[in-house]
Amino acid sequence: MPSRHLPSISTGPAFVPRYQMLRMETRYLWHHVTGGIFIMTGDVLPCFDASTMVLPDDAACIITVPITLDIASNHGVIVAAKTGILDKAYALNLVENLLQKPSLKELVENQAVRHDGRALLDTGIIAVRGSAWAELLMFAGSSQRKIMELLKSKKEMSLYEDLVAAWVPAKHEWLKFRPLGKELVNALGNQKMFSYCSYDLSFLHFGTSSEVLDHLSGPDLGLVGRRHLCSIPATTVCDISASAIILSSKISPGVSVGEDSLVYDSSLSGGIQIGSQSIVVGVNIQGESEYETASNSMRFVLPDRHCLWEVPLVGHTGRIIIYCGLHDNPKNPFSRDGTFCGKPWKKLLHDLHIQQCELWNSAGAQDKCLWNAKIFPVLPPSEMLSLAMWLMGLSEHNTKHMLSLWRSSNRVSLEELHRSIDFPQLCLVSSNHQAELAAGIANACISYGLFGRNLSRLCEEILQKERSGIEVCKDFLTLCPNILTLNSGTLPQSRAYQVQVDLHRACGEETIACTMEQKVWAAVANETASAVKYGVGDQLDSSSGFTPSACRENDVNGCVDHPFKPRRARVELPVRLDFVGGWSDTPPWSLERAGCVLNMAISLEGSLPIGTTIETTVTRGIFISDDAEKHLYIEDPTLITMPFDKDDAFRLVKSALIVTAIVHDKLLSSTGLIIRTWANVPRGSGLGTSSILAAAVVKGLLQIMDEDDSNENVARLVLVLEQIMGTGGGWQDQIGGLYPGIKCTSSFPGKPLRLQVIPLVASPQLVAELEQRLLVVFTGQVRLANQVLQKVVIRYLRRDNLLISSIKRLAELAKVGREALMNGDLDELGEIMLEAWRLHQELDPYCSNEFVDRFFAFADRFCCGYKLVGAGGGGFALLLAKDGNSAKELRQLLEEASDFDVKVFSWSVYLD
C-alpha cells in the first residue's frame, strides 16, 4: 500500500449511525487507498484520529485499548507479545492469543495482564493490508460453493471471530471444528496478526441493552436528541418521563413511559405502560381509538428493567413480539445463573407450571439457556401481549388458560429468530414508519403516571390560581386510590404515598399530610426489606417484628428446652472513608436505580475502633451494655416491638435482635445473652459508625446462631435494620466496614437487591503514598446524618431533577475514581473529591458551614482535593495533599493552629 496511514473518522458529525460511518469510511478507503480493508463490528462507536495510526504493510491488525480487569472480563481480550514497537501514543505487538470474556484466573494463566495491571480490550476494529488482504480476497473467491452449502445448512460462521482466529496460531485447533474452519486455517494461517494498542482511543460499546441505557444516560447524553423525529401528544393526555429517550416513535394518548427508558422506531397507543430503565424497539401496539382514562386498567404493562422487540419472520405474515429482562444473559446456562425476565429459570418454571421439555427438546443439561429456549409464541398481537405479561409474572388470573394457550401455540427460540428475521420487510416497515412520523411530529409532556415529575413543584404553580388551584389539587386527590393500585414494578408505594402528601399540603391539609408521611417511611422500609430478603417486606410492620423462621410460637408448637451450650462471638471492625458515590446507595434510590460507591476501610490510632462481644448465659433474658456504661436487661426478648423511640439508646441492638430473628430462635428457649458494644469514634463522625456497629452485632448474633454470617448477608440485614431503627441509610457504610481495603461497590435494583463488591488490588507503593498524603481530620462539628437523609429522600420521591442528576453524577464519579486509583493517579482522585464535595452541597446546602468553609480555605493551597465524609455537616474531613511534604506541613500547621480546634488522626488502610 502506498500509504501507511488510515483516514480519520473523527471529523464526522457527533452522532451518526454506525452503518453510515462504516459506509463513509469504506468509500474513503477505496478512493484513496488500495489493497486493504478497515472494518468495525456493529456494536462499537469509536472516536479517534486514525490518520496517526502506523500499521504493518502485509498483515492483519486489531485495534486494542488498555482497560481494567473488571471490564475486560466481560469482553474480548487480546494477549500480545511482550516485545514489539513502543511509542508514546501506541504499541504494536504480535497477537499470541484471543480470549472471550475471560475470568481473572484465565487472564493470569494466559499472561494477559500487563505490567500496569490492565489488559488489552478487543475493540472489534480490524485492518487487513497487503498480502493478508490479497489472501483474504483469494479465499473469498475460491469458496463460493462451500459458502452456499453453509447458507443452506443454516450453520453460522462469525466473520469477526472465525476470521480473526485464522491469523492467530493459538486458535487454529479451536477453529478447525468450526464451519469452514479448516479452509480458513489453510488459506490464511500463514499470515500474522498484530495488536495496535492506541492510548488515545475512546469508544462506546453497545454490546448489551444495559450498556445502551448507560451510554444514553451518561456524559454523552448530549449527543442524542431525546425527542428526535417523534410524534408525542400534548401534556394532558400522556405520561412521558423527562429522562426517557424517544427516538423515531409515535406515542399516542394514554401511553406512559418511565424514567431512563428508550423507545425506538415504535408506535404505542391504547393504554400502554412502559416501566423505568426499559427498552422498546420496533414495537407497534395499537389500542382503541380513544385513550383509556386513569380510572381504567391499562391493557399492557412492561415492568421496570425489561426489553421488548417486534420483528417480522420469513414465512409469517405477522410479526412476533419478544421480550426479556434487561440483565438477562441469553447464553447463561439454566443450571448456573440463567434467568428470564430477571427470574431464575427454576422459579419461573415452577410459578408458571412449565416443564423443561416444553422449552428444550434435545439440548443437553449444560446447553439449556434463554438462547435456545422455545418460549416465544407466534400468535395474533393481542394474545402475544397477554402471554407476554403472563410470562413476565404480571398476570395472576386465568393461569390455566394462559398455560394452555402457550402450550398450543407455535413457539420459537431466540436462536431460531436470529436465523429467520425478514430483514427486507423489517427495513421497509421502519422506513414507512419514519416517513409518517416526519409528516406529523408533535411535542408532549407528562400528565399521568407520576414517574418523573416533581408534583410538589407543579402544585406550587397550580396554586397561583388561588381558589381554583386548590380545587384542581383536590380533584387530583380523588385519583389517588387509582394511583395506589398501579403495578408496584413501575410505581412504588412510597412514591404513591408521597404524591398524596404533596397534594394534601397543596390543599392546605397539613395534619393529614403529616399522618400520610408516616406511610411514606413505612413504605420505604417495606420496599427495602422486600428487595433485600424475599418475604420480609410483607412481615414488617409497626407493631411486630419479623415472623421468625423457627419457633414462631411458644412451646405449644414444639419448642423445648435444650441443654446450655456456652458460645461466644467477638467481632471487631474498621471504620470507612468514602471518596465518592454516597447517596446512590440509599433507598429508595438503590431500589430503583443503580448505585456505585468508592470507599475504604481504615483503622484509627492503630486499632479497629468498632466492635461487640456476645456470649450465652445460663440465665434467660438479654443483658445489653455499651461503652457509655449504659445497660439494659430484657427479660422476655419476644416482647420487643417497633417502632422504637428515637431516644432509645439500645434500638440498634434491639433492631439487630429482630432482623436476625434470634429472639424467636430455639437457642433462647434455655439460654440468655450478654451483648457488649463499643465504638471508639467521636459522635457524629460521618465514618459510618452506626451502620458498622450494627454490622458487628448482626454478624456476632449470626455466629452465635451458627447461621450465615457472610459479609453479603450481614450487609443486607443491616440495610433492613436501619429501616427498622427509623434512621434510614444505605449499604455503603456496612460494606465499607465489613470488606477490607479499597473497594468499588455497585448495586443493581430488583428483588433481591444485588451488590457487587470489587476490591481494588492496590500496589504497596500506592497504599504507602495514600497513607502519606491523605489526612483524616476530626472537625469537632457534630451533625446527625438521618436529619439530612430524610430531606434528600423526600426530594428523590418528589423526583427533584437537580437531585437526581447530582446523584447520578456521584455514582459515575465513583467509577472514574476507581480508574484513577487503579492507574495510581492520586491527583485525579483529588479532583474527583472536589467535584463530589460540590455535588454534596447541591444535594444539601447545609452539609457545609462557615467553620468548614474556613477550614477548607486554609487547607486549599496544600491540597489537590478535600471533602467531608458521609453526609457532611460536620464529622471527619479528608484532605488529600499534593505530595508528602505538603501533607507534613499541613499536619503541623493544623496541630498548632489556634483558629481550628481539630484533631488529626493517625490511620492506615485496613487490609485484613
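Here the structure is a predicted model, which means the values were calculated and not measured. (Residues numbered from 1 in each chain as written. Predicted model: local features only at pLDDT ≥ 70, side-chain atom pairs only at ≥ 80, totals over all residues. Heavy atoms only, no water.)

(A) Spotlight on the overall build of the protein chain. Along the protein chain, the regular secondary structure elements total 31 helices and 39 strands. Classification of the 912 residues of the protein chain by burial places 54% in the buried group. Sequence-distant contacts, at least 24 apart, represent 69% of the contacts inside the protein chain between residues at least 6 apart. By element, 52% of the accessible surface of the protein chain is carried by carbon and sulfur atoms, the whole surface being about 41,000 Å². (Helix = DSSP H or I, 4+ residues; strand = E, 2+ residues; numbered from the N terminus. Buried < 20%, exposed > 50% of the residue type's maximum accessible area, 1.4 Å probe, protein only. Contact = heavy atoms within 4.5 Å. Areas by Shrake-Rupley, 256 points an atom, 1.4 Å probe, with all protein chains shown as cover.)

(B) Highlighting the sheet that holds strand S12 (residues 250–251). Here we have three strands laid out as an open sheet, ordered S12-S15-S18, and parallel in their pairing. Of all the strands in the sheet, the pair left with one neighbour each is S12 and strand S18 (284–285). (Pairing = 2+ DSSP bridges.)

(C) Structural context of the nonpolar core. Counting 114 residues, the largest nonpolar core has Phe579, Leu598 and Met600 as its most contacted members. With ten residues, helix H23 (residues 689–704) is the single largest residue contributor to this core. In this structure Leu598 touches Asp578, Phe579, Val580, Ile742, Lys743, Cys744, Leu760, Ala814, Gly817, Arg818, Leu821 and Leu829, once residues within four positions along its chain are discounted. Grouped together as the second largest cluster of nonpolar side chains are 66 residues, Ile245, Leu302, Phe334 and Ile354 included. (Core = buried A, V, L, I, M, F, W, Y, C linked by side-chain atoms within 4.5 Å.)

(D) The pattern of salt bridges, seen in detail. Applying the stated criterion across every chain yields a total of 37 salt bridges. Note that Asp578 is salt-bridged to Lys867, the shortest N-O span being 3.3 Å. With Asp578 in strand S27 (residues 575–580) and Lys867 in strand S36 (residues 863–868), the pair connects residues that are 289 residues apart, well separated along the chain. Several salt bridges share partner residues, and in doing so they unite Glu259, Asp260, Glu592, Arg593, Arg799 and Lys808 into one network. (Salt bridge = Lys/Arg side-chain N within 4 Å of Asp/Glu carboxyl O.)

(E) Seen up close, the sheet that holds strand S13 (residues 256–257). Pairing within the open sheet is parallel, and its four strands lie in the order S10-S13-S16-S19. Single-partner strands in this sheet number two, and they are strand S10 (239–240) and strand S19 (300–302). Across two bridges, the pairing between S10 and S13 is parallel. Note that in S13 the partner of Asp239 across the bridge is Ser256.

(F) Looking closely at a nonpolar patch on the surface. Residues Ile147, Met148 and Leu151 make up a contiguous nonpolar surface patch of roughly 280 Å² in combined accessible area. With respect to the element layout, Ile147 can be found in helix H5 (residues 144–153). (Patch = residues over 30% accessible without salt bridge, like charges linked within 9 Å, V, L, I, M, F, W, Y side chains within 5 Å.)

(G) Structural context of the packing of helix H30 (residues 850–859) against helix H31 (residues 884–896). Two numbers describe how H30 lies on H31: the axes approach to 11 Å, and their chain directions differ by 140°. As the angle between them shows, H30 and H31 are arranged oblique. The segment H30 lies against H31, with Phe855, Phe858 and Ala859 engaging Leu890, Leu893 and Leu894. (Axes fitted to C-alpha atoms, helices over the stretch in contact; angles between N-to-C directions. Parallel < 35°, antiparallel > 145°, perpendicular 65-115°, else oblique.)

(H) Unusual backbone geometry, seen in detail. Residues Pro587 and Pro588 are joined by a peptide bond in cis, for which omega reads 5°. Along the polypeptide, Pro588 turns up in the loop between S27 and helix H21 (589–592). Backbone torsion omega between Met642 and Pro643 reads -5°, so that peptide bond is classified as cis. The topology assignment puts Pro643 in the loop between strand S31 (631–634) and helix H22 (651–659). With a phi close to 55°, Asp265 is a non-glycine residue in the positive phi region.

(I) Layout of the state of the cysteines. This structure, assessed with the given rule, holds zero disulfides. In this model Cys324 remains outside any disulfide bridge; the closest cysteine sulfur is found in Cys307, 4.8 Å from its own. (Disulfide = S-S within 2.5 Å.)

(J) Quick peek at H22. Along H22, nine of the nine residues are buried, which leaves the element largely enclosed by surrounding structure. Those residues of H22 that fall on the buried side of the exposure criterion are Arg651, Leu652, Val653, Lys654, Ser655, Ala656, Leu657, Ile658 and Val659. Taken together, the buried residues of H22 touch strand S30 (621–625), S31, strand S32 (672–679), H23 and helix H24 (711–725).

(K) The environment of Gly315, seen in detail. Note on placement: Gly315 falls in the loop between strand S20 (306–312) and strand S21 (319–325). For Gly315 and Asp422, which are 107 residues apart along the polypeptide, the C-alpha to C-alpha distance reads 8.5 Å.

(L) Spatial organisation of the packing of helix H16 (residues 455–462) against helix H19 (residues 493–506). The geometry of H16 relative to H19 is characterised by a closest axis approach of 9 Å and an angle of 20° between their N-to-C directions. Between H16 and H19, the angle is such that the two are roughly parallel. Read as a crossing pair, H16 and H19 show a hand that is right-handed. Touching Leu455, Ser456 and Cys459 of H16 are Val499, Asp502, Leu503 and Ala506, all from H19. A per-class count over the contact of H16 with H19 returns five nonpolar, one polar and one charged. (Left-handed = near helix turned anticlockwise from the far one by under 90°. Nonpolar A, V, L, I, M, F, W, Y, C, P; charged D, E, K, R; others polar.)

Fair warning: the whole summary comes from geometry, so function is off the table for now.
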